[in-house]
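Geometric and topological summary
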Amino acid sequence: MTETDLPRVLCVDDEPNVLAAMERNLFGEFDVTVANSGEMGMAILSRGERFAVIMSDMRMPGMDGATFLAKAREVAPDSV
């Protein structure tokens, strides 16, 4: 199975170590994309990229996780 065949996951967190851990743990099972802020996550989604799953930290500066996930739902309603 190639990387393009894997389900896509968007991970959003302001902590670089957490994002690195997510990438390591999900590697090989998912095609992982990371964003270090809600704003960056929205920029990725606004480009039309599709994800099976979107995961977010709840406490981030600028845009908290609840706000990010609400906006992500509007842009990517088929993502879980």
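In case you missed it, the structure is sitting above this.
Criteria and cut-off values
- Just so you know, the residues in each chain are numbered from 1, in the order the chain's sequence is written.
- Thresholds applied to this predicted model are a pLDDT of at least 70 for local features of residues and 80 or more for the giving and counting of side-chain atom pairs; totals over whole chains, interfaces and linings are not thresholded and use all residues.
- Neither water nor hydrogens contribute to the side-chain values; these are computed over all heavy atoms in the structure.
- Salt bridges are identified by distance alone: a Lys or Arg side-chain nitrogen within 4 Å of an Asp or Glu carboxyl oxygen.
- Put simply, DSSP H or I for four residues or longer makes a helix, DSSP E for two residues or longer makes a strand, and each gets a number counted from the N terminus.
- Residue exposure (1.4 Å probe, protein chains only): buried if accessible area is under 20% of the type maximum, exposed if over 50%, otherwise partly exposed.
- Here the rule is simple: two strands pair whenever DSSP picks up at least two bridges between them.
- Every axis in this analysis is a line fitted to C-alpha atoms, fitted for helices over the stretch in contact. Angles between the N-to-C directions lie between 0 and 180 degrees.
- Contact definition: two residues touch when any of their heavy atoms are within 4.5 Å.
- Orientation categories follow fixed angle ranges, with anything under 35 degrees roughly parallel, anything over 145 roughly antiparallel, 65 to 115 roughly perpendicular, and all other angles oblique.
- Gly is put with the polar residues, along with every residue not named as nonpolar or charged; the nonpolar set is Ala, Val, Leu, Ile, Met, Phe, Trp, Tyr, Cys and Pro, and the charged set is Asp, Glu, Lys and Arg.

1. Notes on the pattern of salt bridges
Scanning the entire structure with this criterion turns up four salt bridges. Across the salt bridge formed by glutamate 49 and arginine 8, the nearest N and O atoms sit 2.9 Å from each other. Separated by 41 residues along the polypeptide, glutamate 49 in the loop between helix 2 (38-46) and strand 3 (53-56) and arginine 8 in strand 1 (residues 8-12) bring together distant segments of the chain. For glutamate 49, a relative accessible area of 24% corresponds to the partly exposed category. Of the charged contacts, one joins aspartate 78 and arginine 50 as a salt bridge, the two residues approaching to 3.8 Å between their closest N and O atoms. In this pair, aspartate 78 is assigned in the segment after helix 3 (65-75) and arginine 50 in the loop between helix 2 and strand 3, connecting sequence segments 28 residues apart. By relative accessible area, arginine 50 is classed as exposed at 63%. Via salt bridges that share partners, Arg8, Asp31, Arg47 and Glu49 belong to a single interconnected network.

2. Some details on the sheet that holds strand 1
Working definition: the strands of a sheet are paired by backbone hydrogen bonds and lie parallel or antiparallel to each other. Read across the open sheet, the three strands follow the order 2-1-3; overall the sheet is parallel. For this open sheet the edge positions go to strand 2 (31-35) and strand 3, each flanked by a neighbour on one side alone. Neighbouring strand axes in the sheet, compared pairwise and without regard to direction, differ in orientation by 20 degrees on average. Two elements, strand 1 and strand 3, share four bridges in a ladder whose sense is parallel.

3. A short note on the side chain of serine 79
Checked against the element boundaries, serine 79 lands in the segment after helix 3. In contact with serine 79, other than residues within four places in its own chain, are Phe51, Ala52, Ile54 and Arg73.

4. Some words on the environment of arginine 50
When the C-alpha positions of arginine 50 and leucine 10 are compared, they lie 9.1 Å apart, and in sequence the two are 40 residues distant. Excluding residues that lie within four positions of it along the chain, arginine 50 makes contacts with Arg8 and Asp78.

5. Here's the deal with the packing of helix 2 against helix 3
One can describe the packing of helix 2 onto helix 3 by two numbers: an axis separation of 10 Å at closest approach and a directional angle of 5 degrees. Judged on the interaxial angle alone, helix 3 and helix 2 are roughly parallel. Along its contact with helix 2, which presents Gly38, Gly41, Met42, Leu45 and Ser46, the element helix 3 presents Phe68, Lys71, Ala72 and Val75. Looking at the contact of helix 2 with helix 3 residue by residue, the class counts come to five nonpolar, three polar and one charged.

Honestly, that's just the spatial picture; any functional story needs more than this.
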